[in-house]
Amino acid sequence: MALLNLFDFKQKVNYKTEVLAGLTVAMTMIPESLSFAILAGLSPLTGLYAAFLMGLITAVLGGRPAMVSGGAGATVVVLIALMKSHGVEYVFAAVALAGLLQIAVGIFKLAKFIRLVPQSVMYGFVNGLAVIIFMAQIKQFTITTDAGTSLLSGPALWTMLGLVILTVLIVIAFPKITKAVPASLVAIIVVFLVVLGFNIETKTVKDIASISGSLPPFHIPIVPFTLDTLKVIFPYSLVMAGVGLIESLLTLNIVDEVTGTRGRGNKECMAQGTANVVNGFFTGMGGCAMIAQSFVNLSAGSRARLSGIIAAITILIVILFGAPIIERVPMAALVGVMIMVAIGTFEWTSLRIINKMPRPDIIVGILVAVITVWLHNLALAVLIGVIISALVFAWESAKRIRARKYVDENGVKHYEIYGPLFFGSVTTFLEKFDVQNDPAEVIIDFKESRITDMSAIEALNKLTDRYDKAGKKLLLRHLSADCRALIKNAESVIDVNVIEDPEYKVMAD
């Protein structure tokens with residue numbers, strides 16, 4: 001069975017490369033998973049559980065070997081409002097429901113619709129996400145007391161700033177020395193040792209939440225199983241499912257380009273959904289494919305599933321035996337790493353080419369970024385961007401329909417149509433015909449055009465009726481097979497005359 005064919009045993013696997021790539025990926029995922037969990041107000045352990053569960057399940061079941069999934073910021077950002085308003089149990093329920101929605105997308109083979117997301121929307125989406133990640137780091141410069149929340153001041157503020165700057169400088173400078181070890185991991189270790197060696201007083205992970213290292217526990221979300229609960233979590237689940245699949249499928253396309261192979265989008269949707277359902281029942285915060293970690297994996301030479309499995313198992317070992325160490329990691333180190341993640345996430349190319357982009361694309365990109373930052377609703381931002389881009393395309397296409405007219409030796413007038421006939425172009429199309437002055441027989445030639453929707457069919461019906469009332473005959477020629485099928489299906493409500501063109505078959509080998 002295709003479902004059981006999880007591994008391609010014909011593929012040559014470099015085990016040393018895969019293991020080292022997996023270890024490298026794990027070391028880059030741990031700080032990000034912790035930071036994203038803290039960003040959403042969740043226990044850091046839920047971030048590590050998500051990294052382990054998402055990474056393992058998608059590595060085994062996914063449709064794209066060498067792609068890495070984990071507790072990603074794009075999906076976690078969606079759940080911040082739910083966490084604040086209803087608590088962590090509702091978050092777990094929303095994650096599980098989002099997983100079911102993603103599985104449904106895979107079952108009904110809807111992954112192909114990722115092609116409808118334009119580049120301008122992706123620029124806005126990614127840039128908005130980068131701004132959210134950056135702005136969220138400001139929260140770590142605050143302190144909560146009985147009197148309320150206030151910004152750090154005095155030595156505490158300068159210590160925090162100094163350690164953050166040190167982290168950023170190491171992340172920037174270390175790759176110039178060697179790329180064998182992830183710069184973010186080196187930065188965290190160095191800052192950790194500096195704080196430990198000089199006994200510096202600063203915020204640590206333990207100040208945010210305590211981590212008790214154990215296997216992910218099975219846990220049914222403690223929420224009322226009622227329609228009211230569904231009303232609360234469904235919007236968040238829908239947005240999370242949409243954002244997760246958009247990011248995962250776009251990452252899949254990028255990995256396809258890098259490796260020169262083709263992944264299976266629908267299979268990846270089902271794997272992502274399965275992983276999120278498991279997250280919801282094993283106290284993970286959920287997630288999706290991670291672009292940065294996937295690039296780290298590819299750069300390390302991975303081309304198989306093994307690296308993802310090694311990365312997930314490494315994270316589990318850290319959870320079981322590394323909790324005392326992780327709790328002492330300075331928050332300044334994680335803030336510095338996340339600032340560099342935000343800078344790396346931002347599409348700086350979009351700023352360089354903004355004066356070369358069409359004006360509608362600029363507006364769409366900015367609008368998507370603003371909605372992403374303002375509402376923290378990435379799926380809505382992408383949806384609005386796609387709708388506006390589609391409307392712009394429809395308007396531009398509508399202006400391009402034109403007709404070449406001539407009368408042949410038999411006195412028949414021909415209208416050769418160029419451009420698609422659809423709801424946006426029917427008005428311009430109808431204006432091109434001179435019913436009163438045309439001869440008794442008129443032919444519309446669709447050799448360079450297509451009938452695409454019901455509005456186009458109804459326009460032809462109206463035109464046929466006008467010529468009929470004038471005592472003239474209107475014929476349609478060179479309709480493609482799908483256009484003839486559209487008219488055939490609508491023959492009970494329209495009355496048009498189609499000239500049956502001969503079908504020219506291509507000779508087979």
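The rules behind each value
Residues numbered from 1 in each chain as written. Predicted model: local features only at pLDDT ≥ 70, side-chain atom pairs only at ≥ 80, totals over all residues. Heavy atoms only, no water. Pairing = 2+ DSSP bridges. Helix = DSSP H or I, 4+ residues; strand = E, 2+ residues; numbered from the N terminus. Axes fitted to C-alpha atoms, helices over the stretch in contact; angles between N-to-C directions. Parallel < 35°, antiparallel > 145°, perpendicular 65-115°, else oblique. Left-handed = near helix turned anticlockwise from the far one by under 90°. Contact = heavy atoms within 4.5 Å. Nonpolar A, V, L, I, M, F, W, Y, C, P; charged D, E, K, R; others polar. Expected span 1.5 Å × (residues − 1). Polar contact = N/O pair within 3.5 Å; in protein donor to acceptor, adjacent residues only side chain to side chain. Salt bridge = Lys/Arg side-chain N within 4 Å of Asp/Glu carboxyl O. Buried < 20%, exposed > 50% of the residue type's maximum accessible area, 1.4 Å probe, protein only. Core = buried A, V, L, I, M, F, W, Y, C linked by side-chain atoms within 4.5 Å. Phe/Tyr/Trp six-rings, centres within 6.5 Å; stacked < 30°, edge-to-face > 60°.

## Looking at the sheet that holds strand E7 (residues 441–448)
Thinking step 1. If you walk across this open sheet you meet the four strands as E5-E6-E7-E8, and the pairing is mixed. In this open sheet, the two edge strands, each paired with only one partner strand, are strand E5 (402–407) and strand E8 (473–477). Taking the axes of each pair of neighbouring strands and ignoring which way they run, one obtains an average angle of 20 degrees across the sheet.
Thinking step 2. Pairing of E5 with strand E6 (residues 413–418), which is carried by six bridges, proceeds in the antiparallel orientation. When the sheet's bridge partners are listed, Tyr406 is paired in E6 with His414.

## A short note on the packing of helix H5 (residues 88–107) against helix H11 (residues 265–281)
Thinking step 1. Contact pair H5 / H11: the axes reach a minimum separation of 7 Å and the direction vectors enclose 160 degrees. In this view, H5 runs roughly antiparallel relative to H11, as classed from their interaxial angle. Crossing angle aside, the handedness with which H5 passes H11 is left-handed. Note on element contacts: H11 touches H5 through Asn266, Cys269, Met270, Gln272, Gly273, Thr274, Asn276, Val277, Asn279, Gly280 and Phe281, opposite Phe92, Val95, Ala96, Gly99, Leu100, Gln102, Ile103, Val105, Gly106 and Ile107.
Thinking step 2. Taken together, the residues of the contact of H5 with H11 break down into 11 nonpolar, 10 polar and no charged.

## As for helix H20 (residues 454–469)
Thinking step 1. Taking 1.5 Å as the rise per residue, H20 with 16 residues should run 22 Å; its terminal C-alpha atoms sit 22 Å apart, in good agreement.
Thinking step 2. At its buried positions, H20 is contacted by E6, helix H19 (426–430), E7, E8 and helix H21 (481–489).
Thinking step 3. Among the residues of H20, the N-terminal cap falls to Asp453, whose side-chain oxygen and the backbone nitrogen of Ser455 are separated by 3.3 Å.

## Concerning the pattern of salt bridges
Thinking step 1. In the structure shown here, the tally under the stated rule is six salt bridges.
Thinking step 2. When the shortest N-O distance is used, the salt bridge between Glu396 and Arg400 registers 3.5 Å.
Thinking step 3. The class of Glu396 is partly exposed, set by a relative accessible area of 30%.
Thinking step 4. Through salt bridges with shared partners, a single ionic network connects Glu396, Lys399 and Arg400.

## Things to note about the packing of helix H10 (residues 227–259) against H11
Thinking step 1. For the pair H10 and H11, the least separation of the axes is 10 Å and the interaxial angle reads 135 degrees. Compared by their axis directions, H10 and H11 come out oblique. Where H10 crosses over H11, the handedness of that crossing is right-handed. Each of Met240, Leu245, Ser248, Leu249 and Leu252 in H10 lies in contact with H11, whose residues at this interface are Gly265, Glu268, Cys269, Gln272 and Asn276.

## Let's talk about the environment of Glu396
Thinking step 1. Assignment of secondary structure puts Glu396 in helix H18 (residues 378–398).
Thinking step 2. Separated by 350 residues in sequence, Glu396 and Thr46 place their C-alpha atoms 48 Å apart.

## Examining the nonpolar core
Thinking step 1. In terms of nonpolar packing, the biggest core is built from 100 residues, with Ile315 and Leu334 touching the most fellow members.
Thinking step 2. Sorting elements by how many residues they give to this core places helix H15 (residues 331–345) first, with 11 residues.
Thinking step 3. Beyond its immediate sequence surroundings of up to four residues, Leu334 is in contact with Pro31, Leu34, Ser35, Ile38, Ile188, Val205 and Val329.
Thinking step 4. The next biggest cluster of nonpolar side chains, apart from the first, holds 26 residues, and it includes Tyr415, Phe446, Ala456 and Tyr467.

## Re unusual backbone geometry
Thinking step 1. Located in the positive-phi region is Ala66, a residue other than glycine, with phi close to 80 degrees.
Thinking step 2. Looking at where Ala66 falls in the secondary structure, it is placed in the loop between helix H2 (44–61) and strand E1 (69–70).
Thinking step 3. We classify Ala66 as buried; its relative accessible area is 4%.
Thinking step 4. Although it is not a glycine, Asn199 sits at a positive phi angle of roughly 55 degrees.
Thinking step 5. Mapped onto the secondary structure, Asn199 falls in the loop between helix H8 (183–197) and helix H9 (205–208).
Thinking step 6. On the basis of relative accessible area, Asn199 is assigned to the exposed category, the value being 67%.

## Digging into the side chain of Thr283
Thinking step 1. For Thr283, the position within the fold is in the loop between H11 and strand E4 (288–289).
Thinking step 2. What Thr283 contacts, discounting residues up to four positions off in sequence, is Thr46, Tyr49, Phe92, Pro217 and His219.

## Considering the packing of aromatic side chains
Thinking step 1. Tallied over the full model, the rule gives six aromatic pairs.
Thinking step 2. Residues Phe218 and Phe281 carry aromatic rings whose centres are separated by 6.3 Å and whose planes lie at 15 degrees to one another, so their mutual orientation is stacked. With Phe218 in the loop between H9 and H10 and Phe281 in helix H11, this pair connects stretches of sequence that are 63 residues apart.
Thinking step 3. The exposure class assigned to Phe218 is exposed, which follows from its relative accessible area of 55%.
Thinking step 4. Phe281 gets classed as partly exposed once you look at its relative accessible area, which sits at 28%.
Thinking step 5. Ring centres of Phe429 and Phe433 lie 5.0 Å apart, and the angle between their planes is 70 degrees; on these two criteria the pair is classed as edge-to-face. Residue Phe429 shares its accessibility class with Phe433, and that shared class is buried.

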